[in-house]
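Residue-level structure breakdown
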Amino acid sequence: MASAIASWSGENFSCPICLEVFSSPVTTPCGHNFCRTCLTKFWDEQVQFKCPVCNELFDARPDPRVNTLLSELAAQFRTNVKVKEQPCVEPAEVPCDVCTGTQLKALKSCLVCLISYCQTHLEQHQRVAGLKKHRLVEPMDRLEDRMCKKHNRLLELFCKTEQVCVCQFCTETDHKFHPFVPLKEEYEVKMAQLGKIEAEVPQMIQERQQKITEIKDTVELSKKDANRDIADGLQIITALMRCIEKWQDDFNETVKEKLKSKEKQAEDLIKELEQEIEDLTNRTLKVKPLSHTKDHLHFLQAFRSLKNPPHIRDWTTVEVRPSSYVTLRRSVDQLEETLNMEMKKLCDAAELKRVQQYEVDVTLDPDTAHPNLILSEDGKQVHDGGVGKILPDNPKRFTKYMYVLTRQSFSSGRFYFEVQVKDKTSWWLGVARESINRKGQKILTPENALWTLHSYKDGFIFQDDPVVRLPLRAKLQKVGVFVDYDEGLVSFYDVEARVHIYSVTGCTFTDPLYPILCPGLKDYNGNNSAPLIISPVNQRD
């Protein structure tokens, strides 16, 4: 019967007046059915009482009877229609826990039963007196996870102290003295934090992607450095092998010359010995016949000629020694000294070639120049003008020492520049921190923000406390200055000779670094008047 009703359409159970499913259906004497309310209202508005469908007139207002069968059928049809009209559950919605076939969307969840109900299965909680006392809430999924394990009550509050969700009973027991707020309030706080995190995450991702790029770039740079190291190492080893080959040739030649001299000496001694043997043999031939003579006169006359023996050497003091190992030892020592010098020379040249790749283009800043200094228009040259110019007061300007800084500064990484010092007898070159004292007369050293190499007619020093005295470099024409900001390294090079002059390590750079130059004073004879010139780097293969 139920399946038959389910197959009927709404027209079979619709009131002809309101066109809705019958509500308390009644039947007229002519056999037509209407909702009691619809028929009563219709006849209240009529002068004559007739059937709304067939217009049959009635003498008096009929008293319609309830159609019991139709009422039951209409009720069943209405229930089936409500079930069909209930929506199926969507992925983000809570399903009914009772539905066995297609799960419908839950309308309420019961905190006593811990079950979520659709409209149909919720009907008992709305009708049965005992179930009406159950606490119904908006549908929730995983109800068992939303209940306090200890008190079997809904987790409705958030403990600020222990950062956990609690029920009402928890606030009166374990969390009695803890501050707590409704879940919604804490939810909004945490959502705001989450929003901040979500806003920060893209930036964090970007920073990490950038770090990945930096690491990859570093690896690529390391590969290039490794290839350059291999090439430089091969060049050094090749040069050293040529040096060893030359030493071997020279050593072989020396040994052969000494052997040849030794052989000549031995040959001469043997010839001399053989001559003496011949002379002694001849003497023996003369002596032997005389030893047998009985003639006294003849013996005495012959003996007189044998009295003076031939001139011979005392061979007990003569010896020919074999070649000594000292020759080899001295040669090896000379080779070691030569190789060390050659190695240092080659390493210095390779090192200079490497740092030259960090060349920077810098120009002098006239706002920092001491009043006595004269700068070229392109900012590449500086020399002592001999007379101080009247210049506007500038906190950047040096007033006690004849220094000038470049316009460019460096706060990280590596940089290198070269300065021509040809025809000069005195100068200072190096780098200075931005915070260097530009007005006082305090001795400027690394401790006071200055790292400079100083040359003058009697010496060559690194300006420190105490100063570091270095070997004089004849015909020094160009000085290279290299700085590794991150490693705290400052190095100086003789560019033309391709030799490392001096390095200072462990420097502390806390603010920007500026290349700094001082051309030194010129004397009355015009000496040291040549300028310091910032020159472009000319790398050699």
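Our structure is the block above this text.
We now turn to the structure provided with this report. This structure is a prediction, so every number in the text was calculated from the model and none was measured.

Let's shift gears to the nonpolar core. Proteins that are soluble and globular tend to have nonpolar side chains buried together. Trp427, Trp451, Val490 and Leu517 are the most contacted members of the largest nonpolar core, which totals 48 residues. With five residues, strand 23 (residues 513-518) is the single largest residue contributor to this core. If near-sequence neighbours (up to four positions away) are discounted, Val490 is found in contact with Val431, Trp451, Phe482, Val483, Tyr502, Ser503, Val504, Cys507 and Phe509. By size, the runner-up hydrophobic cluster in this structure holds 15 residues, among which are Cys15, Phe22, Cys51 and Ala74.

What follows covers the pairing of strand 24 (residues 532-535). Judged by which residues are buried, strand 24 turns out to be covered on both faces: Leu532 and Ile534 on one side and Ile533 and Ser535 on the other are all buried. Relative to strand 24, strand 13 (residues 381-384) runs antiparallel, the two being bridged by two bridges. Within strand 24, the position partnered with Val382 by the bridge is Leu532. Note: strand 15 (residues 414-420) against strand 24, three bridges, orientation antiparallel. Within strand 24, the residue paired with Gln420 across the bridge is Ile533.

So, on to the sheet that holds strand 17 (residues 450-456). Here six strands make up an open sheet; going across it, the order is 14-23-16-17-18-19 and the pairing antiparallel. Because the sheet does not close on itself, it has two edges, and the strands there are strand 14 (404-405) and strand 19 (468-469). Bridge count between strand 18 (residues 459-462) and strand 19: two bridges; the pairing is antiparallel. What sits directly across from Ile461, in strand 19, is Arg469.

By the secondary structure assignment, His454 is in strand 17. Since its relative accessible area comes to 8%, His454 is described here as buried. Within polar-contact distance, the side chain of His454 engages the backbone oxygen of Trp427 at 2.9 Å. Setting aside chain neighbours within four positions, we find His454 in contact with Ser426, Trp427, Trp428, Gly459, Phe460, Ile461 and Gln463.

Our next topic: the sheet that holds strand 10 (residues 164-166). With antiparallel pairing, the three strands of this open sheet are ordered in space as 10-9-11. What marks the edges here is a single partner per strand, and that holds for strand 10 and strand 11 (180-182). Strand after strand, the sheet turns through a mean of 35 degrees between neighbouring axes, direction not considered. Sheet topology note: the strand 9 (residues 157-159)/strand 11 ladder contains three bridges and is antiparallel. Across the sheet, residue Cys159 finds its bridge partner in strand 11, namely Phe180. Along the sheet, helix 6 (residues 183-290) contacts strand 9, strand 10 and strand 11; its crossing angle with strand 11, the most-contacted strand, is approximately 90 degrees.

This paragraph deals with helix 2 (residues 36-44). An α-helical turn contains 3.6 residues, so any two residues separated by three or four positions project in the same direction. Taken together, the buried positions of helix 2 are Cys38, Leu39 and Trp43. Projected down its long axis, helix 2 shows its buried positions confined to an angular sector of 125 degrees, all on one face. Of the exposed residues in helix 2, the ones pointing more than 90 degrees away from its buried face are Thr37, Lys41 and Asp44. Buried-residue contacts for helix 2 involve strand 1 (25-27), strand 2 (33-35), strand 3 (49-50) and strand 4 (57-58).

Cut-offs and rules
- Residues numbered from 1 in each chain as written.
- Predicted model: local features only at pLDDT ≥ 70, side-chain atom pairs only at ≥ 80, totals over all residues.
- Heavy atoms only, no water.
- Core = buried A, V, L, I, M, F, W, Y, C linked by side-chain atoms within 4.5 Å.
- Buried < 20%, exposed > 50% of the residue type's maximum accessible area, 1.4 Å probe, protein only.
- Helix = DSSP H or I, 4+ residues; strand = E, 2+ residues; numbered from the N terminus.
- Contact = heavy atoms within 4.5 Å.
- Pairing = 2+ DSSP bridges.
- Polar contact = N/O pair within 3.5 Å; in protein donor to acceptor, adjacent residues only side chain to side chain.
- Axes fitted to C-alpha atoms, helices over the stretch in contact; angles between N-to-C directions.
- Arc of directions from axis to C-beta.

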